[in-house]
Every structure is written in structure tokens, then in C-alpha cells.
Amino acid sequence: MFTAKFNDRKRFVGQASGKRKKQLALARIAEQEKSTGDENAPREVGAAECVVLDGGGDAHFSHRLQVEPRPVLCDIHDNQQEIEGASASAKKLRRFSGADDLQNAQVPADVPAEPKRTWCIVECGQLNSLLSDVKCPECEAGHLTIRVGESMGLSQELALCCDSCQYRRSEFSSPRESNRNHMKNVPFDVNKQIVLYSHEIGSGYSSVEKLCTVFGMPVMNKSSYQRIDKKVNASILAVTNVTLVETVEHVNVAYRQTFPQGRADVQFDEEDEDAAWEEDDGILWVDVAFDGTWHKRGFSSHYGVGVVVDVLTGLVLDFSVKSTYCHTCAMNKEKLEEMTPAQQLRWEQQHRAECSINHQGSAKSMERDAALELWGRSVERHNLRYRTMLSDGDSTAFNAVAAAQPYGPTRPITKLECINHLPKRMGTALRKAAKDERLGGRGEGRLTKEKCQRLQNYFRSAILNNLEDQRAMEQAIWATFFHVTSTDEDPHHDRCPAGPASWCFFQRARAEEQPPPPHAEHNGTALSREVSHAVLPIYRRMTNPILLKRVAHGKTQNSNESLHNVMWGHCPKEIFVGKGRVEAATAEAVAKFNRGNFALAQVMDHMSLPITDLMEAALAKKDKVRIQKAEKATAVAAVAARRARCAGRQRQLEQQEDQEGEVYGAGLMGDGGE
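Residues numbered from 1 in each chain as written. Predicted model: local features only at pLDDT ≥ 70, side-chain atom pairs only at ≥ 80, totals over all residues. Heavy atoms only, no water.

(A) Main features of the overall build of the protein. Helix and strand content of the protein: 24 helices and 14 strands. Looking at the protein as shown, the accessible area adds up to about 35600 Å², and 50% of this sits on carbon and sulfur atoms. (Helix = DSSP H or I, 4+ residues; strand = E, 2+ residues; numbered from the N terminus. Areas by Shrake-Rupley, 256 points an atom, 1.4 Å probe, with all protein chains shown as cover.)

The structure is reproduced here in C-alpha cells:
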């Protein structure tokens with residue numbers, strides 16, 4: 001089995017995505033009538049709406065809706081190589097083909113072919129049983145047995161000895177890289193692979209220690225583990241850097257193919273926000289999503305990570321790890337206090353290059369500083385300019401980047417909002433008002449949890465159904481507000497869409513020239529006047545024209561959230577680690593997120609570890625399963641079913657809490673248990 005040299009080759013297997021906007025549409029799924037609530041009121045997209053595809057794969061709306069379709073980003077180009085499915089994972093893996101690289105890699109002439117390897121766990125008594133009838137090659141009388149000698153990590157010396165003569169032949173249980181450069185402490189392959197395994201499961205040295213304890217094997221020395229761990233980290237970072245270079249090349253190809261006429265040599269064009277353009281210097285402007293994440297919850301973390309993801313392709317472009325902790329500094333704190341100022345200065349100068357601290361400030365400011373760093377180096381590192389920042393509104397990262405003007409005062413950066421986070425902000429604001437202003441609880445017209453969720457779903461549906469018309473989006477949001485405040489005596493349905501296909505029962509009845517049915521049967525209990533006046537400022541704030549313009553793109557931060565899940569799988573938040581471990585976990589997650597699980601094969605190749613046929617098959621299977629899961633999870637029917645289950649569980653939980661009353665809370669037992 002030869003070793004494929006990945007880092008000396010450049011691959012352009014995947015083709016760029018096609019038209020950035022392709023018409024899709026939504027159709028309503030009939031719901032069973034409920035005793036309360038308007039069954040035709042605007043629901044959250046996915047719970048009551050679906051995409052209808054014809055035989056040619058084109059999307060259209062159900063005849064009942066009679067609304068215009070909305071654009072969706074990153075559709076598959078007709079001329080691209082076919083790949084199973086059209087999910088975001090499938091599109092990313094189409095651009096990187098690790099399997100083809102393994103199969104087509106050429107063995108360098110100066111590297112001899114290595115024998116095929118097969119790893120297995122064997123108890124030495126089983127080997128001695130196999131050798132019980134084998135005679136000694138020297139005396140031809142004695143029997144051969146295997147004796148275990150010294151151990152170097154998980155590699156142990158196996159000696160083949162004769163019980164009658166002095167015959168002895170020994171080999172270590174694992175091979176290791178040939179020491180051509182006469183280096184010290186060349187690690188055995190099994191030790192490198194067990195350290196890499198600990199990275200994969202995210203448990204560190206403790207996982208190796210537990211594994212050896214269970215099998216009764218000698219435990220690898222911790223200093224040896226740390227020495228190999230540094231080499232593993234270096235290999236992961238090297239492979240990820242190569243992946244990011246190729247990612248930028250794929251992104252360039254994708255933008256140039258998606259926007260062949262979308263070039264402009266002038267400042268950002270407000271009239272055409274979807275046009276990608278480059279200046280005379282050849283630097284490309286791209287749309288990116290940015291988000292930060294922390295190693296610990298509660299904003300007390302020593303480490304924070306900021307990640308930039310290209311919106312068009314869904315590929316990670318860059319990342320930055322911020323740290324306020326250095327283990328070496330912490331261990332030498334007492335020694336430094338005993339040193340003179342001159343000695344402290346000398347020690348700090350010697351340690352500065354290896355110090356892990358690269359952030360001064362609180363954990364909350366890490367996201368902001370990471371954004372400043374990523375935008376500040378985009379031209380130098382990737383020859384790209386990030387013209388937009390698609391992010392949530394939880395931090396001041398955009399304000400800091402906009403004030404810094406990394407590309408000059410004539411090249412502004414535009415803020416975009418995630419269409420998933422903005423409705424959540426609406427729900428959060430409503431629930432906060434219900435708690436702070438005592439608008440919730442039992443009673444007619446109160447702002448209950450169920451009502452808050454319902455209004456949040458209405459808000460999201462109004463946005464998604466009117467992405468192309470900001471004015472219509474604002475009107476649709478206000479229509480939902482007045483719809484839920486209407487009563488038989490005081491109806492407010494003038495803003496609701498008219499016609500027999502309207503979601504509003506009142507407007508449907510009017511179009512059919514029928515008397516409107518009672519509100520209690522179709523709209524449930526309306527919000528009281530007190531509640532309506534209290535939530536009115538929230539609706540005014542959330543319908544700000546500037547805010548609605550930021551969500552007209554219809555994009556999300558799902559790629560960032562998915563990357564965070566992969567990242568902390570390699571470095572769990574419950575385990576204390578150093579900056580190097582967080583950086584390696586982030587880099588490994590980025591490489592796998594962009595190119596798939598074959599990134600692990602590249603890391604092993606960089607570490608001079610051979611790749612077996614079983615490993616190739618296992619990595620290919622993992623990528624296939626990844627695509628299958630993504631396809632299943634993004635299917636419209638699956639999304640609708642998942643949201644219906646979540647809504648059902650939430651309703652059941654609220655009913656149980658109402659029946660039980662208050663059973664848990666701070667100080668609920670009372671003083672002294674009385």
C-alpha cells in the first residue's frame with residue numbers, strides 16, 4: 001500500500017454552483033381543523049408549506065396560494081457533474097474528491113512501496129497457541145514461544161524464543177518511520193495513530209489511558225503523548241491550510257461562473273445586491289456569514305473561535321482562535337513573582353513566541369476581535385474582500401468591522417441578518433415582555449407561551465413569503481398582528497390578503513360573500529387591549545425598514561452552526577484543554593466540513609502513516625452517510641414532520657405544567673422548609 005502525497009497536488013475536481021437564484025415555491029399542506037385557532041392563518045414555513053416539483057424538477061406553487069416564488073441560493077447547475085442529492089453537504093463534497101485523489105495519486109520514484117498493513121488486537125497467548133507445534137529453526141527440538149519485552153507506548157517488543165536453546169529473535173509490535181534524518185525519539189506508528197484517535201473522539205490523553213487500562217496494556221507516558229500531540233496538531237493545521245487555499249480557488253471559480261456578467265469597477269451597487277464584482281486589482285468581493293463560538297458556556301471561556309463561511313458555496317474561508325490562557329504562564333506564575341523585573345522581562349521575551357495568549361479582554365469581546373482579524377487579513381491571505389457580514393445581532397462585531405474600514409472608506413461592508421435568528425429575536429422579545437410586564441399567565445387574551453410561539457411563526461412566515469418585496473413583507477407582519485387582535489365586535493382584517501385563497505378566514509368569507517364566522521372558532525382568543533398595546537412597540541421595532549432590508553436575501557447561518565457542532569465534537573466543552581487543542585479541533589472540523597472525511601487520510605499522509613483499503617472504504621462510507629442524512633433532514637416532508645413533532649411535544653409539556661402548577665423554582669420550598 002503506497003502513501004498518497006496530497007500536499008504536492010492541486011485539485012479542481014468540483015465545479016462551481018450555477019445560477020444563484022432559481023425559482024422555488026411553497027405550497028400549503030392541509031392541516032386538520034383544531035378547536036381553536038385559524039387553520040388557515042400563516043404558519044411557519046415547513047410546518048404548513050412545502051415545495052412542489054414537477055416531472056422536470058422545476059418548482060412551482062400550489063394553485064391555491066397565487067403568490068410569486070422566492071429565490072433560493074446555491075442551486076445545482078445543469079452542467080455540473082451529477083452527485084447523489086442536492087443538500088449543502090453534497091454540494092461541498094462535489095468540489096473536493098478525496099477518494100479520487102487516493103486512487104489517482106502517484107508514488108514518488110524515491111519512495112519504496114510499503115507492504116500492505118492490517119491492524120488487529122491479539123492476546124499473546126493466542127499466538128503461543130499457534131506456535132505450539134513450530135520447532136526451533138536452530139536446534140529443531142525446542143518449541144517457540146513469544147515473550148513480551150520492553151514497551152514504548154503502545155508498541156511492545158515481541159521476542160520469539162526457544163525453550164531449549166538460546167535462539168531469540170525480536171521485533172516491535174508496530175513499525176515506525178525510517179529515521180533518515182537521524183532524529184531523536186522517532187515515534188512508532190501505533191503511538192501516532194492512537195494520539196490521532198484521541199483527537200477524533202475528543203477525549204485527549206484520558207481516552208488513551210482508559211483504553212490501555214481496559215486491555216491491561218502499559219500506558220503511554222504522558223510526556224510522550226504530548227510530544228506526539230504537537231506533531232498531530234501541526235499536521236492537522238498544515239492539511240487545513242492546504243484545504244483553505246484550494247477552497248479559495250473553488251470559491252473564485254464559483255463566483256465567476258455564477259456571475260459572468262456581474263462585474264463592476266465601481267463602488268458597491270445598492271440596486272443590485274446580488275452582483276459579485278472585482279476591481280482592477282483582481283480582488284474578488286464575496287458574501288460571507290460570520291459567527292463566534294466559545295469553548296465554555298456562560299461567557300467565562302478562555303477560548304473563543306470566529307469563523308467566516310462563504311454564503312454562495314457554503315465553504316469555510318477562514319477562522320481565528322482567541323485565547324486568554326497560557327498553561328506555561330500559569331505554571332510559572334509563582335516563579336515569576338520571585339524574579340527581579342529584569343529577569344521577568346527576559347523570561348517574557350523568550351516565552352513570547354510560544355505564549356498561547358493572543359487576546360486581552362473579556363470572553364464576550366472575542367467574537368468582535370476575531371471578526372476584526374479575519375476581515376483585516378482577507379486580502380493578504382486569500383485575495384478576497386468580504387463585502388457583507390451575515391450574522392446575528394448578539395455582538396458588536398459588525399459595528400467594529402464597519403468602524404475599522406478594513407478596505408478603506410470607499411469600500412463599505414453591508415450587514416445582513418439571518419432569517420432564522422430574526423424570528424427568534426421576535427419570540428424572545430415577546431416572552432420577555434410577557435414575563436417583565438406580567439402579560440402572561442392564565443386569563444382571557446393573555447400573552448401565553450403558545451401565543452408567543454404562534455406570533456413568532458407568523459413573523460417568520462411573513463418574511464419568507466415576501467422576500468422580494470420589502471413593503472409587502474412589512475404589511476404582512478402587521479397583518480398578522482392585527483389578525484390576532486381582532487374580535488367579532490372589533491375586527492381588524494383590512495391588512496390581511498383579500499380573495500378566496502387568503503389565509504384569513506374573514507377575507508375568504510368576504511370574497512365568497514358569506515357572513516364571517518365567529519373569531520373564537522377560527523382565530524382563538526384574541527389578545528386583550530392591554531397586551532396589544534404592550535407588544536405594539538416590539539412590532540414597530542421589528543418592522544424597521546433597515547432591519548427588514550437585511551433579511552430580504554433569505555439566507556441563514558446554518559453552515560456556521562453545523563461547523564460548531566463538528567468542532568466541539570473534536571473538543572468537548574466539558575474537558576479542560578489548551579489553545580493548541582482548540583485550534584487543532586477547529587482546523588480539523590474546517591477540513592472535514594469542506595472536503596469531507598478524507599481530510600483524515602490527508603492528515604495521516606502528512607504524518608507518514610499508510611492508508612489501508614479498509615480505511616478508504618470507511619471514510620467513503622462516512623461521507624455517503626453524511627449526504628444521505630443531509631438529504632433526509634432537508635426533505636420538505638421531513639422538515640414538516642420534525643416541526644410538527646416539536647410543536648406537539650411543546651404543547652404536551654405546557655399542558656403538563658399547567659396541570660401540575662408550580663413545582664420547581666428558586667425558594668419555592670420557603671424558609672426553613674415550612
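Picking up where we left off.
(B) Examining the packing of helix 13 (residues 421-436) against helix 14 (residues 449-464) more closely. One can describe the packing of helix 13 onto helix 14 by two numbers: an axis separation of 9 Å at closest approach and a directional angle of 150 degrees. In this view, helix 13 runs roughly antiparallel relative to helix 14, as classed from their interaxial angle. Here helix 13 and helix 14 pass one another in a crossing that is right-handed. Across the interface between the two elements, Leu-422, Pro-423, Lys-424, Met-426, Gly-427, Leu-430 and Arg-431 of helix 13 pack against Cys-452, Gln-453, Leu-455, Gln-456, Phe-459, Arg-460 and Ile-463 of helix 14. Taken together, the residues that form the contact of helix 13 with helix 14 break down as eight nonpolar, three polar and three charged. (Axes fitted to C-alpha atoms, helices over the stretch in contact; angles between N-to-C directions. Parallel < 35°, antiparallel > 145°, perpendicular 65-115°, else oblique. Left-handed = near helix turned anticlockwise from the far one by under 90°. Contact = heavy atoms within 4.5 Å. Nonpolar A, V, L, I, M, F, W, Y, C, P; charged D, E, K, R; others polar.)

(C) Here's a closer look at the pairing of strand 8 (residues 155-162). A large share of strand 8 lies buried, amounting to six of its eight residues. Here strand 7 (residues 144-152) runs beside strand 8; their pairing, made up of seven bridges, is antiparallel. For Ile-146, the partnering residue across the bridge sits in strand 8 and is Leu-160. Between the end of strand 7 and the start of strand 8, which pair antiparallel, lie two residues, with Gly-153 showing a positive phi angle near 75 degrees. Where strand 8 meets strand 9 (residues 168-172), five bridges bridge the pair, whose relative direction is antiparallel. Among the inter-strand pairings, Leu-158 is bridged to a residue of strand 9, identified as Glu-171. Hairpin geometry of strand 8 and strand 9 is characterised by an intervening segment of five residues between the two adjacent antiparallel strands. (Buried < 20%, exposed > 50% of the residue type's maximum accessible area, 1.4 Å probe, protein only. Pairing = 2+ DSSP bridges.)

(D) Expanded view of the environment of Ala-363. Its place among the elements puts Ala-363 in the loop between helix 9 (341-351) and helix 10 (366-376). Spatially, the C-alpha atom of Ala-363 lies 9.7 Å from that of Lys-296, the residues being 67 residues apart in sequence. Residues in contact with Ala-363, not counting those within four places in the same chain, are Trp-294, Phe-299, Ser-300 and Ser-301.

(E) Spotlight on the nonpolar core. In terms of nonpolar packing, the biggest core is built from 46 residues, with Val-307, Leu-563 and Val-582 touching the most fellow members. The element that contributes the greatest number of residues to this core is helix 21 (residues 579-595), accounting for seven residues. Setting aside anything within four residues of it in sequence, one finds Leu-563 in contact with Val-307, Val-316, Ala-589, Val-590 and Phe-593. If you look at the next biggest cluster of nonpolar residues, it comprises 34 residues, including Cys-452, Ile-463, Ala-476 and Leu-536. (Core = buried A, V, L, I, M, F, W, Y, C linked by side-chain atoms within 4.5 Å.)

(F) Examining the sheet that holds strand 10 (residues 284-294) more closely. With respect to topology, five strands assemble into an open sheet ordered 12-11-10-13-14, the strand pairing being mixed. Looking at which strands have only one partner, the edges of the open sheet turn out to be strand 12 (316-323) and strand 14 (414-417). The average angle at which neighbouring strand axes cross in this sheet is 30 degrees, direction not considered. Pairing of strand 11 (residues 303-310) with strand 12, which is carried by seven bridges, proceeds in the antiparallel orientation. Residue pairing across strands places Val-305 opposite Val-321, the latter belonging to strand 12. Of the strands in this sheet, strand 10, strand 11, strand 12 and strand 13 (384-391) are in contact with helix 10, which crosses strand 10 at around 155 degrees.

(G) Highlighting the packing of aromatic side chains. Taken as a whole and assessed by the stated rule, the structure comprises 11 aromatic pairs. For the pair Phe-481 and Phe-482, a centre-to-centre distance of 5.2 Å together with 75 degrees between the ring planes defines the contact as edge-to-face. Through a chain of ring-to-ring contacts, three or more aromatic side chains come together here, namely Trp-478, Phe-481, Phe-482 and Tyr-539. Positioned above the aromatic ring of Phe-188 is the side chain of Arg-176, whose terminal nitrogen or guanidinium carbon lies 4.3 Å from the ring centre. (Phe/Tyr/Trp six-rings, centres within 6.5 Å; stacked < 30°, edge-to-face > 60°. Lys NZ or Arg CZ within 6 Å of the ring centre and 35° of its normal.)

(H) Inspection of helix 1 (residues 88-95) at higher detail. Where burial is concerned, most of helix 1 is hidden: seven out of the eight residues are buried. Buried within helix 1 are the following residues: Ser-89, Ala-90, Lys-91, Lys-92, Leu-93, Arg-94 and Arg-95. Residues of helix 1 that are buried sit in contact with helix 6 (222-258), helix 21 and helix 23 (613-634).

(I) Local environment of unusual backbone geometry. Look at Glu-140: it is not a glycine, yet its phi comes out positive at around 55 degrees. Relative to the helices and strands, Glu-140 is located in the loop between helix 3 (124-130) and strand 7. Using a relative accessible area of 62% as the deciding quantity, one classes Glu-140 as exposed. A positive phi angle, close to 55 degrees, is found at Arg-438, a residue other than glycine.

(J) Quick look at the packing of helix 14 against helix 15 (residues 470-484). Where helix 14 meets helix 15, the closest approach of the two axes is 8 Å, and the angle between their N-to-C directions is 155 degrees. For the element pair helix 14 / helix 15, the angle class is roughly antiparallel. Viewed along their axes, helix 14 and helix 15 form a crossing whose handedness is right-handed. Contact residues: Leu-455, Tyr-458, Phe-459, Ala-462 and Ile-463 in helix 14; Met-473, Ala-476, Ile-477, Thr-480 and Val-484 in helix 15. Its residues assigned to classes, the contact of helix 14 with helix 15 comprises nine nonpolar, one polar and no charged.

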